[in-house]
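An overview of the molecular structure
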Amino acid sequence: MNNLDNKAAIQFEQLRQLYSLNVAPLVTSSFLAAILAYMQREVISSTVVVAWFSLITLIMFSRAILTFAYQRSSTTSLTRTHLWRLGFRLGILISGLTWGAAGFLLFPANAPQNQLFLLFILAGLTAGAVTSYAADIVSALLFSLLVLTPIIIRLTLVGENLYLAMSLASILYLCHLIMSLRHINRNILENIVLRLEAAERESTVKISEERYRLLLSYSPVGIFHYDTNLIITYCNSHFVGILRSSIENVIGLNMKQLKSKVITPVLSNALLGEIGNYEGRYIATFSTADIWISMTCAPFKDKAGAIIGGIGIVQDVTERKLAEEEIKRLAFYDHLTGLPNRRFLQDRLNLALASSADSGRKGALLFLDLDRFKMLNDSRGHDIGDLLLKQVAERLSACLREGDTVARLGGDEFLVILENLSQQPSEASAQAQQVATKILITLNQIYFLDQYEYRNDSSIGIVLFNGHEHLQDELIKQADIAMYQAKKTGRNCLCFFNPIMQEAITARVEFEYDLRKAVENWQFSLHYQIQMNNSDHPIGAEVLIRWRHPQRGLVPPADFIPLAEETGLILQIGLWVLDSACAQLKLWQQAPLTRDIALSVNVSSKQFFQDDFVTQVQAVILNYGIKPSLLKLELTESVFVKSIEETILIMDTLIATGIQFSLDDFGTGYSSLQYLKRLPLHQLKIDQSFVRDIAVDSDDQAIVRTIIAMADSLNLNVIAEGVETEEQRKFLQDNGCVNFQGYLFSKPLVIEDFEEFLKHT
Ligand code: C2E
Ligand code: MG
Ligand code: MG
């Protein structure tokens, strides 16, 4: 409360006292006035007495009404308080004056007894007034002075010694009254202040209690108090909400009876003066609550500082915990199979490496890939693919011992960590192989994928590890390399990593890099190798590509064409060869010597089956305006394996424009009379491997003879490649082969040399 409020409150209280104590003095003074008037009527003129008595009665009556009005009002404002006080003091003034007037008017000159009676009445009245009005020093002072001063003057005026002495005594009496009045007034004021302060303190306590009560009831945390016997003495509604219980069940509960002892240490430590915390799972004993809580307990002390119990604050953190778990699950587990993912596996692998370093025991990393999974996905849909992955995950987990880890890397790739294998490398290998074999067999059993029966093969690459000898990424790569090796070996195979594999892979990676650079910087050129007929007349040439690498030197096409096919670079390279050959044919159109030379261009399977192969060839021919019959495309048997129907369709379309087709390396591939009959070919090219030993090897001789006879029956032209000796040529010629290509005539030559060569034949 501030000063102003304080003052107003004191004034209000003073006024309340004045008015509440006013009734008794009013009643008393009315009686006194009546007695006085009655007694003095014999010695004073009755008119004066009646007039005085009427006046005083009127005044008393008015003051009584004022008092009554005050008591009914409920004013608290400061101005109103002032007004009421003014009214009160006015009443005092008027009645003081009227009583004072009695000192003159009702003072009988010759009746000493009545004089004494008057003095007695006035003195008594003043004494009563001083106590009644002491709360307001002004009113009390005013009243006493106004009542007693006239009679003192009147006594003095008599002039006799006795009267003077009475007058003096009255003055002393008045002085004494005034002094007592100051004392009483101070006491009253102090009393008022004390009472006000007490009231304020009480209200502050009430407010604080209410605030605490509200805080406890509406607090978003559970709060409970317990005594030194661990009996709950209080709890808020949130606390019982968390425990799925009720206040009746919880209050009085002895926490020593709880089955779960996880919180007991924190509860007890608070009784020893410690503030403790527990965060974890909590299974309630007397309700169904199975939750995650965060609980803090602190000691509860009395005024003297002695611990009389504990206070606990509990939060239900289940949702947060679940969210945390979910985040962890998403971050470390594969959502489809529920297996650990790559991130988790890396963690585990690190631990496995560390534990292997400690124990000296070996471990193994298995890289598993499902064979033909893509085919299943493409043919049966991803849902079926997912079903297989889930079942594979289950079977994998079932194959492993506790402590081993299986993870899904993504797609159809899984990794398995085997720990605690033998310290001996050979034994550890055998153990790893045993597990891998078990996995292969288990995964090879029939699957039921939505009523669809499926059998799956897989390939496993294995790498052993020994402590921290390897980096984990390197290990995973090595297991991966071994897995590829296993895939190459055949279906449902396992393969251990060996460093030579890595060298091969590294070499391949470098080679691929070089090939891409070669395409970027165009390090290719073309050689031309003559083809002759049996009258030693040039009939055509084969276009053969060369790659001149700045460090590797001349790289033979047999080395880089397969990689170019694998990487798709062959499309760009092949088109360039085709374009260059046609450009050359165009140039040769001018000269009679070269005008009829046909060019054979090798076409790889990937190139042949690209969507716009036909349009590409047609566009090139159109572009150079060459005779299509001078362009011969050499296909190998590998082309037909893919799709005989499609092959025939493409060939037919191109043959319609006049282009010729030759079947290269005939006899080495999937030669079948069946498809040979159906293909619209112009030429068979006997592979050089049959020609090489033709002079001495009777088997080769038989094969060549059969090829020639077969070509003859199919009405196909035949050419032999790799003819190096006169003997070979003679044999071929004697058996009906009339076209040749080989070193006997010329090696493949750069264009200038080739043209020079032509001039001399
Ligand atoms: P191919 O089409 O069977 O080519 C004949 C290969 O035999 C050529 O090897 C040629 O130099 C070689 N040769 C020719 N006569 C003799 C001989 O008397 N003795 C011996 N030992 N070899 C002889 P090259 O140029 O190394 O080409 C190898 C293979 O690379 C070719 O076999 C062909 O399949 C492929 N190739 C070459 N150029 C291209 C091309 O531009 N595109 C495609 N897709 N493949 C090409
Ligand atoms: Mg060829
Ligand atoms: Mg060939």
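Residues numbered from 1 in each chain as written. Chains lettered and ligands numbered in written order. Predicted model: local features only at pLDDT ≥ 70, side-chain atom pairs only at ≥ 80, totals over all residues. Heavy atoms only, no water.

1. Topic: the coordination of the magnesium ion (ligand 2)
Taken together, Glu542 (OE), Asn602 (OD1), Glu634 (OE) and Asp664 (OD) make up the protein donors of the magnesium ion (ligand 2), found 2.0 to 2.2 Å from the metal. Within one chain, the residues donating to the magnesium ion (ligand 2) are spaced in sequence as E-x59-N-x31-E-x29-D. Between the magnesium ion (ligand 2) and the magnesium ion (ligand 3) the interatomic distance amounts to 4.1 Å, and Asp664 serves as a bridging ligand to the pair. Of this pair, Asn602 sits in strand β16 (residues 598-602) while Asp664 sits in strand β18 (residues 660-666), and the two are 62 residues apart along the sequence. Overall, Asn602 belongs to the partly exposed group, its relative accessible area being 29%. (Donors = N, O, S within 2.8 Å, 3.2 Å for Na, K, Ca; no water. Helix = DSSP H or I, 4+ residues; strand = E, 2+ residues; numbered from the N terminus. Buried < 20%, exposed > 50% of the residue type's maximum accessible area, 1.4 Å probe, protein only.)

2. Focus on helix α26 (residues 698-713)
Between its first and last C-alpha atoms α26 spans 22 Å; for 16 residues at 1.5 Å apiece the expected length is 22 Å, and the two agree. Looking only at α26, the buried set comprises Asp700, Gln701, Val704, Ile707, Ile708 and Ala711. For α26, the angular spread of the buried residues around the axis is 130°, confining them to a single face. Across α26 from its buried face, at more than 90 degrees, point the exposed residues Asp699 and Ser713. Summarising the contacts, the buried residues of α26 are in contact with β18, β19 (683-686), α25 (688-692), β20 (717-721) and α27 (726-734). Structurally, the start of α26 carries an N-cap: the backbone nitrogen of Asp699 is 2.7 Å from a side-chain oxygen of Asp697. (Expected span 1.5 Å × (residues − 1). Arc of directions from axis to C-beta. Contact = heavy atoms within 4.5 Å. Polar contact = N/O pair within 3.5 Å; in protein donor to acceptor, adjacent residues only side chain to side chain.)

3. Re the domain arrangement of the chain
In terms of domain boundaries, the chain breaks down into domain 1 (3-197), domain 2 (219-322), domain 3 (332-497) and domain 4 (516-759). Centre-to-centre separation of domain 1 and domain 3, based on C-alpha positions: 113 Å. (Domains from an automatic or database assignment.)

4. Some thoughts on the packing of aromatic side chains
Applying the stated criterion across every chain yields a total of 24 aromatic pairs. Seen in terms of ring centroids, Phe332 and Phe344 are 6.1 Å apart; in terms of plane orientation they differ by 70°. Their pairing is edge-to-face. Separated by 12 residues along the polypeptide, Phe332 in helix α11 (residues 318-332) and Phe344 in helix α12 (residues 342-359) bring together distant segments of the chain. Here the aromatic cluster, defined as three or more aromatic residues joined through ring pairs, consists of Tyr19, Tyr70, Trp84, Phe88, Tyr133 and Phe143. (Phe/Tyr/Trp six-rings, centres within 6.5 Å; stacked < 30°, edge-to-face > 60°.)

5. Description of the state of the cysteines
The final tally for this structure, using the stated rule, is 0 disulfides. Unpaired in this structure, Cys399 has its nearest cysteine sulfur neighbour in Cys493, at a distance of 17 Å. (Disulfide = S-S within 2.5 Å.)

6. A few points about the layout of surface pockets
When its volume is computed, the largest pocket comes out at roughly 1,100 Å³. Along the wall of the largest pocket there are 39 residues; nearest its centre are Glu542, Leu544, Pro557, Asn602 and Asp664. Looking at the lining of the largest pocket, the elements that each hand over two or more residues are β14 (538-549), β15 (553-555), α18 (557-567), α19 (569-588), β16, α20 (605-608) and β18. Of the residues that constitute the lining of the largest pocket, the class distribution is 17 nonpolar, 12 polar and 10 charged. For the second largest pocket, the calculated volume is near 390 Å³. Contributing elements (two or more residues each) for the lining of the second largest pocket: α16 (472-489) and α17 (499-521). The element that contributes the greatest number of residues to the lining of the second largest pocket is α16, accounting for 6 residues. In the lining of the second largest pocket, the residues fall into 5 nonpolar, 1 polar and 5 charged. (1 Å grid on protein atoms, 1.4 Å probe; cavity = no way out; pocket = protein on both sides within 12 Å on 5 of 7 lines; lining within 4 Å. Points joined across faces, edges and corners; volume = space filled by probe spheres on them. Nonpolar A, V, L, I, M, F, W, Y, C, P; charged D, E, K, R; others polar.)

7. Quick look at the site of ligand 1
Within the structure, ligand 1 sits among 21 residues, and Gln529, Asn602, Asp664, Gln688 and Glu724 are positioned closest to it. Here a nitrogen atom of ligand 1 sits 3.1 Å away from a polar atom, N or O, in the main chain of Ile545. Interatomic distance of 2.9 Å between a side-chain N/O atom of Arg546 and an oxygen atom of ligand 1. With respect to the detected pockets, ligand 1 is housed in the largest pocket. Secondary structure elements with two or more residues in the shell around ligand 1: β14, α18 and β18. Partitioned by chemical class, the residues of the shell around ligand 1 number 8 nonpolar, 6 polar and 7 charged. (Near = heavy atom within 4 Å. Sits in = over half its atoms within 2 Å of the grid points.)

8. Some words on empty space enclosed by the protein
If you walk through the whole model with that rule in mind, you get 3 cavities of 30 Å³ or more. As a volume, the largest cavity reaches approximately 220 Å³. Approximately 60 Å³ is the volume attributed to the second largest cavity. If you trace the second largest cavity, you find it lined by Gln11, Gln14, Leu15, Leu18, Thr81, Arg85 and Asp136. Those elements that place two or more of their residues in the lining of the second largest cavity are α1 (3-20) and α4 (78-105).

9. Things to note about the sheet that holds strand β12 (residues 494-496)
If you walk across this open sheet you meet the 5 strands as β7-β8-β6-β11-β12, and the pairing is mixed. Either end of the sheet is taken by a strand with one partner, and the two such strands are β7 (405-410) and β12. With strand direction ignored, the average angle separating the axes of adjacent strands in the sheet is 20°. Taken together, the 8 bridges between strand β6 (residues 363-370) and strand β11 (residues 458-465) define a ladder with antiparallel strand orientation. (Pairing = 2+ DSSP bridges. Axes fitted to C-alpha atoms, helices over the stretch in contact; angles between N-to-C directions.)

10. Looking at the coordination of the magnesium ion (ligand 3)
In this structure, Asp664 (OD), Asp665 (OD), Glu721 (OE) and Glu721 (OE) serve as the protein donors to the magnesium ion (ligand 3), at separations of 2.0 to 2.4 Å. Sequence spacing among the residues donating to the magnesium ion (ligand 3) works out to D-D-x55-E. Since its relative accessible area comes to 25%, Asp665 is described here as partly exposed.

11. Some remarks on unusual backbone geometry
A positive phi angle, near 55°, is found at Asp536, a position not held by glycine. Inspection of the secondary structure assignment puts Asp536 in the loop between β13 (524-533) and β14. For Asp536, a relative accessible area of 41% puts it in the partly exposed group. Here the phi dihedral of Asn715 falls at roughly 65°; this positive angle occurs in a residue that is not glycine. Locating Asn715 in the fold gives a position in the loop between α26 and β20.

12. Some remarks on a nonpolar patch on the surface
On the surface, Val23, Val27, Phe31, Ile35, Tyr38 and Met39 cluster together to form a nonpolar patch covering roughly 580 Å² of accessible area. Of note, Phe31 is situated in helix α2 (residues 23-40). (Patch = residues over 30% accessible without salt bridge, like charges linked within 9 Å, V, L, I, M, F, W, Y side chains within 5 Å. Areas by Shrake-Rupley, 256 points an atom, 1.4 Å probe, with all protein chains shown as cover. Salt bridge = Lys/Arg side-chain N within 4 Å of Asp/Glu carboxyl O.)

13. Regarding the packing of α16 against α17
Relative to each other, α16 and α17 sit at 90°, their axes nearing to 10 Å. As summarised for this structure, α16 and α17 are arranged roughly perpendicular, according to the angle between their axes. On the side of α16, the interface is formed by Lys477, Gln478, Ile481, Ala482 and Gln485, while α17 contributes Met501, Gln502 and Ile505. (Parallel < 35°, antiparallel > 145°, perpendicular 65-115°, else oblique.)

14. Digging into helix α7 (residues 161-218)
Along its 58 residues, α7 runs 84 Å from first to last C-alpha, staying within 8% of the 86 Å computed at 1.5 Å per residue. For α7, the set of buried residues is Tyr163, Met166, Ser167, Ser170, Leu174, Leu177, Leu181, Asn185, Ile188, Ile192, Leu196 and Leu216.

15. Considering the pairing of β7
The element β7 is largely enclosed, with a buried count of 5 among its 6 residues. The sheet contact formed by β7 and strand β8 (residues 413-418) spans 5 bridges and is antiparallel. In the strand pairing of β8, Ala407 is matched with Leu415. Linking β7 back to β8 in an antiparallel pair, the connection comprises 2 residues, with Gly411 at a positive phi of about 55°.

16. Considerations on the pairing of β11
Burial of β11 is extensive: 8 of the 8 residues sit out of reach of the surface. Here β11 shows no split at all, with Ser458, Ile460, Ile462 and Leu464 on one side and Ser459, Gly461, Val463 and Phe465 on the other all buried. By the bridge criterion, 3 bridges tie β11 to β12 in an arrangement that is parallel. Opposite Gly461, over in β12, you have Cys495 as the bridge partner. Between the parallel pair β11 and β12, the chain is carried across by α16, and the sense of this crossover is left-handed. (Right-handed = clockwise from strand over helix to strand, strands pointing away.)

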